Amino acid sequence: MEHYLDIETELFEKIREHETTRIQIPREINGREVRTGDTLKLYHPGDGTEALRVEVSGVEESGTTEEDGKEEEKSGETGQEVTVSFSLLEWMCRLETELDELLRQEEEWMQGLL
């Protein structure tokens, strides 16, 4: 299963540069639990055209203190997190070309005819 997640710029760069292979993420993303073998598509927060695809190779419970749990209860959040280890599969960068713009214009024109 593939999950989509925005991550911090610093973390994005560390993954892209192969400086880390472990991150903390929510246990569930869009109501689906993250499991070993899943893929994560991690988006750069400042640039929606740039993403990393990684394969989850392990999922570990993140340690939360009793105090952390009380804070989550007070705020109404169920923000349980897990630490995942992963392998980088690919770095993706969508480049806008003149052809993309022409195709978008054509699609808008076609929608106007219908």
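The rules we used
- Residues numbered from 1 in each chain as written.
- Predicted model: local features only at pLDDT ≥ 70, side-chain atom pairs only at ≥ 80, totals over all residues.
- Heavy atoms only, no water.
- pLDDT = per-residue confidence, 0-100.
- Helix = DSSP H or I, 4+ residues; strand = E, 2+ residues; numbered from the N terminus.
- Contact = heavy atoms within 4.5 Å.
- Salt bridge = Lys/Arg side-chain N within 4 Å of Asp/Glu carboxyl O.
- Buried < 20%, exposed > 50% of the residue type's maximum accessible area, 1.4 Å probe, protein only.
- Core = buried A, V, L, I, M, F, W, Y, C linked by side-chain atoms within 4.5 Å.
- Pairing = 2+ DSSP bridges.

S.K.: Tell me about the confidence of the model for the protein chain, residues and numbers included.
M.R.: Put simply, the protein chain has an average pLDDT of 82, and 82% of its residues get 70 or more. Confidence, expressed as mean pLDDT per element, reaches its minimum in the protein chain at helix H2 (residues 66–75) with 42 and its maximum at strand S2 (residues 22–26) with 95. Across residues 64–78, confidence stays below pLDDT 50; counting only partners more than four residues off in sequence or on other chains, it has 2 contacts.

S.K.: Account for the pattern of salt bridges, naming residues and giving values.
M.R.: In total, this model carries 9 salt bridges according to the counting rule given. In this structure, glutamate 33 and arginine 35 form a salt bridge, with 3.9 Å as the shortest nitrogen-oxygen distance. The residue glutamate 101 makes a salt bridge to arginine 104 at a minimum N-O spacing of 3.1 Å. Note that glutamate 101 and arginine 104 are positioned in helix H3 (residues 98–113) at a spacing of 3 residues, about one turn of the helix. Overall, the relative accessible area of 36% leaves arginine 104 in the partly exposed class. One salt-bridge network, in which partners are shared between bridges, spans Glu2, Arg53 and Glu90.

S.K.: Tell me what's going on with the environment of threonine 21, and back it up with residues and numbers.
M.R.: In this structure, threonine 21 sits in the loop between helix H1 (9–16) and S2. Accessibility expressed as a relative area gives 47% for threonine 21, which makes it partly exposed. Spatially, the C-alpha atom of threonine 21 lies 6.7 Å from that of serine 87, the residues being 66 residues apart in sequence. Apart from the residues lying within four places of it in its own chain, the contact partners of threonine 21 are Val84, Ser85 and Phe86.

S.K.: Mind laying out the nonpolar core, listing which residues take part and the relevant values?
M.R.: Ile15, Ile23, Ile25, Val34, Leu40, Leu42 and Val84 are the most contacted members of the largest nonpolar core, which totals 16 residues. Only H1, S2, strand S5 (39–44), strand S6 (47–61) and strand S7 (81–93) provide two or more residues apiece to this core. If near-sequence neighbours (up to four positions away) are discounted, leucine 40 is found in contact with His3, Ile25, Ile29, Val34, Leu52, Arg53, Val54, Val56 and Val84.

S.K.: Go over the side chain of histidine 44, please, and point to the residues and values.
M.R.: Relative to the assigned elements, histidine 44 resides in strand S5. Using a relative accessible area of 13% as the deciding quantity, one classes histidine 44 as buried. Histidine 44 has contacts with Thr9, Phe12 and Glu50, leaving out every residue within four places of it along the chain.

S.K.: Let's hear about the pairing of S5: which residues, and what values?
M.R.: The buried fraction of S5 is high, at 5 of 6 residues. Summarising the sheet, strand S1 (residues 2–6) and S5 pair through 5 bridges and their orientation is parallel. If you follow glutamate 2 over to S5, its bridge partner there is threonine 39. Bridge count for S5 against S6 is 6 bridges, and the pairing is antiparallel. Bridge pairing in S6 links lysine 41 to arginine 53. Linking S5 to S6, which pair antiparallel, is a turn of 2 residues.

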